[in-house]
Amino acid sequence: MMRICLVVDDSRVVRKIARRILEGLGFEVAEAGDGVEALAFCAAAMPDAVLLDWAMPTMDGLEFVKRLRAEPGGDAPLVLFCSSETNPAEIGRALDAGADEYIMKPFDGDIIEAKLTEVGLLQEIAA
Amino acid sequence: MTPEHLALLTEVARVHAGLALGNPSIFHLETRLGSLARREAASSVEALIDRLKAPGSEALARAVAEALAQPDTCFFRDREVFHALKTRILPALAQGKPGGELRIWSAGCSTGQEAYSLALMGAAAPELAEVKLDILATDISERALEKAAAGLYTQFEVQRGLPIRLLIDHFERVDDNWRAAPRLRQSVRWGRVNLAADLSRAGPFDLILCRNVLSSFEPAARERTLQALIAAVGPDGVLMLGAKEAFAAPEGFEALREAPGLFRRKAGRAKAA
């Protein structure tokens, strides 16, 4: 069964780039423009993974991950932040709030692949 | 790049680094030599190669061989191997060692990711709380060693294989780059060693990692270097080659099941130290 990754970012361009990379890695991709939309998606069906921007209108990534983790079944999705925030203390806050991994923008296909491998969603292909 | 340029590079790589270029792509060679050409103020990679024909170009030939010898690398490359090291191999090797101290050699360490991965594992893994890792990392390339010792990596490099928690706990952000914290940098000793040269004084080590290095050597240098590495493995010690370098087990060694490319010296067959 194809695994589902929810891409949460207020930039349509970033969602499109992420979608292309994730589909190339064999994921089915859903999109949300902010935390509220993302929570609504998760309430209907928990995805396998969430690629999550931090700074978004209405509900930001940090608030989203806290609320997701409090939902029934909300501990299941692997949450990877994908943000231009690179301050180590802030990254620590994201992890403490329940994120599994953290990608610093700008990202590319190699980084997405490496991080999905890190959380166990992809098998490593021996180089 | 003409066939003559390629022939010259092949010869330089063989003589100065024991390296078999095989059939490399021109793009790959130009990428490897591009920054050296700029440093040497050559107008192009071809112009740089032309200088190798001049008398007294030995130093340049060594620099070219070094640049060609550098493999791509990421942190915790081959995760399965690091998992086996952490959970089984290192704890077993440390049994009965005074102070639980293990001597480890990262041979062909390039820009240091493998050595730092080992040091990070030693610092962070609960399985290794009683184990002390004494890590020596060597490479043929001065440039690679400089970068390794500085511990300075781009944001792209630190996102290849390094878990985010280890990054924020053991590295400092410096502008757009990340630098290994002093404690991490000091947990590895760095040195320049040409594996194709004499290694008779090396060792003994409890673990030698020489991954994805020998397969780029020409056959004679590969065999000579493999024998030298074997001689540097201590009693009950382990030699780790690359996952795709699972040559037959060397004499007196047995292949370990944990991961491909792992060989342990058989008990009772150790050479007198």
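Coordinates for the structure precede this section.
A brief look at the structure comes next. (Residues numbered from 1 in each chain as written. Chains lettered and ligands numbered in written order. Predicted model: local features only at pLDDT ≥ 70, side-chain atom pairs only at ≥ 80, totals over all residues. Heavy atoms only, no water.)

## As for the interface of chain B and chain A
Each partner contributes residues to the interface: chain B has 21 residues there, and chain A has 23 residues. Approximately 2,000 Å² of surface area, both sides summed, lies buried where chain B meets chain A, with 54% of it carried by carbon and sulfur atoms. If you sort the residues of chain B by the area they bury against chain A, Arg79, Gln159 and Ile164 of chain B come out on top, with a joint share of 33%. Inspection of the region where chain B meets chain A yields 2 salt bridges. (Contact = heavy atoms within 4.5 Å. Buried area = accessible area lost by both parts, 1.4 Å probe. Salt bridge = Lys/Arg side-chain N within 4 Å of Asp/Glu carboxyl O.)

## Considerations on the packing of helix α2 (residues 35-44) of chain A against helix α3 (residues 61-70) of chain A
Two numbers describe a pair of packed helices, the interaxial angle and the distance between the axes. Residue and element names in this part refer to chain A. Closest axis-to-axis distance for the α2/α3 pair is 9 Å, and the angle between their directions is 20 degrees. Regarding the angle of α2 to α3, the classification is roughly parallel. Handedness of the crossing formed by α2 with α3: right-handed. Taking contact as the criterion, the partners of Gly35, Ala38, Leu39 and Cys42 in α2 are, on α3, Phe64, Arg67 and Leu68. Class assignment of the residues belonging to the contact of α2 with α3 gives a composition of 5 nonpolar, 1 polar and 1 charged. (Axes fitted to C-alpha atoms, helices over the stretch in contact; angles between N-to-C directions. Helix = DSSP H or I, 4+ residues; strand = E, 2+ residues; numbered from the N terminus. Parallel < 35°, antiparallel > 145°, perpendicular 65-115°, else oblique. Left-handed = near helix turned anticlockwise from the far one by under 90°. Nonpolar A, V, L, I, M, F, W, Y, C, P; charged D, E, K, R; others polar.)

## Topic: the sheet that holds strand β10 (residues 262-265) of chain B
Residues and elements named next belong to chain B. Ordered by their spatial adjacency, 7 strands build an open sheet running β6-β2-β1-β7-β8-β10-β9, and the pairing between neighbours is mixed. Edge positions in the sheet fall to β6 (188-192) and β9 (253-255), since each of these pairs with one other strand and no more. Here the strands of the sheet are splayed against their neighbours by 20 degrees on average, with no regard to which way each runs. The sheet contact formed by strand β7 (residues 205-210) and strand β8 (residues 233-241) spans 5 bridges and is parallel. Looking at the pairing, Cys210 lines up with Leu241 of β8. Along the sheet face, helix α5 (residues 79-94) touches β1 (101-107), β2 (132-139), β7, β8 and β10 and points at about 175 degrees away from the line of β8. (Pairing = 2+ DSSP bridges.)

## Things to note about the environment of Asp96 of chain A
Locating Asp96 of chain A in the fold gives a position in helix α4 (residues 88-96). In the structure, Asp96 of chain A is positioned 60 residues away from Val36 of chain A in sequence and 21 Å away in space, judged by C-alpha atoms.

## Looking at the side chain of Asp139 of chain B
All names here are of chain B. Relative to the assigned elements, Asp139 resides in strand β2. Despite its burial, Asp139 pairs with no opposite charge; the closest candidate is Arg192, at 7.5 Å N-O. Polar side-chain contacts of Asp139 include one of 2.9 Å to the backbone nitrogen of Ser141. Apart from residues no more than four positions distant in its own chain, Asp139 is found in contact with Gly108, Cys109, Ser110, Ala144, Leu145, Gly191, Arg192 and Val193. (Buried < 20%, exposed > 50% of the residue type's maximum accessible area, 1.4 Å probe, protein only. Lys, Arg positive; Asp, Glu negative; His and termini not counted. Polar contact = N/O pair within 3.5 Å; in protein donor to acceptor, adjacent residues only side chain to side chain.)

## So, the pattern of salt bridges
Scanning all chains against the criterion turns up 25 salt bridges over all chains. The residue Arg93 of chain A makes a salt bridge to Glu90 of chain A at a minimum N-O spacing of 2.8 Å. Residue Arg93 of chain A and its partner Glu90 of chain A are both found in helix α4; the two are separated by 3 residues, about one turn of the helix. Residue Arg93 of chain A is classed as partly exposed on the basis of its relative accessible area of 42%. Exposure remark for Glu90 of chain A: the relative accessible area of 22% places this residue in the partly exposed category. Taking the shortest distance from any N to any O, the salt bridge between Asp96 of chain A and Arg165 of chain B comes out at 3.2 Å. You can see Asp96 of chain A sitting in helix α4 and its partner Arg165 of chain B sitting in helix α8 (residues 164-170), one on each of two chains. Taking the relative accessible area as the measure of exposure, Asp96 of chain A reaches 62% and is therefore exposed. What emerges from the salt-bridge pattern is a single network uniting Arg15, Arg19, Glu23 and Glu31 of chain A.

## Topic: the sheet that holds strand β5 (residues 177-180) of chain B
Residue and element names in this part refer to chain B. Across the sheet, 3 strands lie side by side as β3-β5-β4; this open sheet has antiparallel pairing. Edge positions in the sheet fall to β3 (152-154) and β4 (171-174), since each has one partner strand and no second. In this sheet, adjacent strand axes meet at a mean angle of 30 degrees when their direction is disregarded. Judged from the 3 bridges that link them, β3 and β5 form a sheet pairing that is antiparallel. When the sheet's bridge partners are listed, Thr154 is paired in β5 with Asn177.

## Section: the environment of Arg189 of chain B
All names here are of chain B. Relative to the helices and strands, Arg189 is located in strand β6. For the pair Arg189 and Lys86, spaced 103 residues apart in sequence, the C-alpha separation works out to 21 Å. With near-sequence residues (within four places) excluded, Arg189 lies in contact with Asp134, Ile135, Leu136 and Ala137. Within polar-contact distance, the side chain of Arg189 engages the side chain of Asp134 at 3.3 Å.

## Thoughts on the nonpolar core
Side chains of a nonpolar character, in soluble globular proteins, are inclined to be buried together. Residues and elements named next belong to chain B. Counting 70 residues, the largest nonpolar core has Leu85, Leu90 and Phe171 as its most contacted members. Sort the elements by how many residues they give to this core and α5 lands first, with 8 residues. What Leu85 contacts, discounting residues up to four positions off in sequence, is Leu90, Pro91, Leu118, Met121, Leu207, Leu209 and Met240. Counting 43 residues, the second largest nonpolar core, distinct from the first, contains Leu21, Leu48, Leu195 and Phe205. (Core = buried A, V, L, I, M, F, W, Y, C linked by side-chain atoms within 4.5 Å.)

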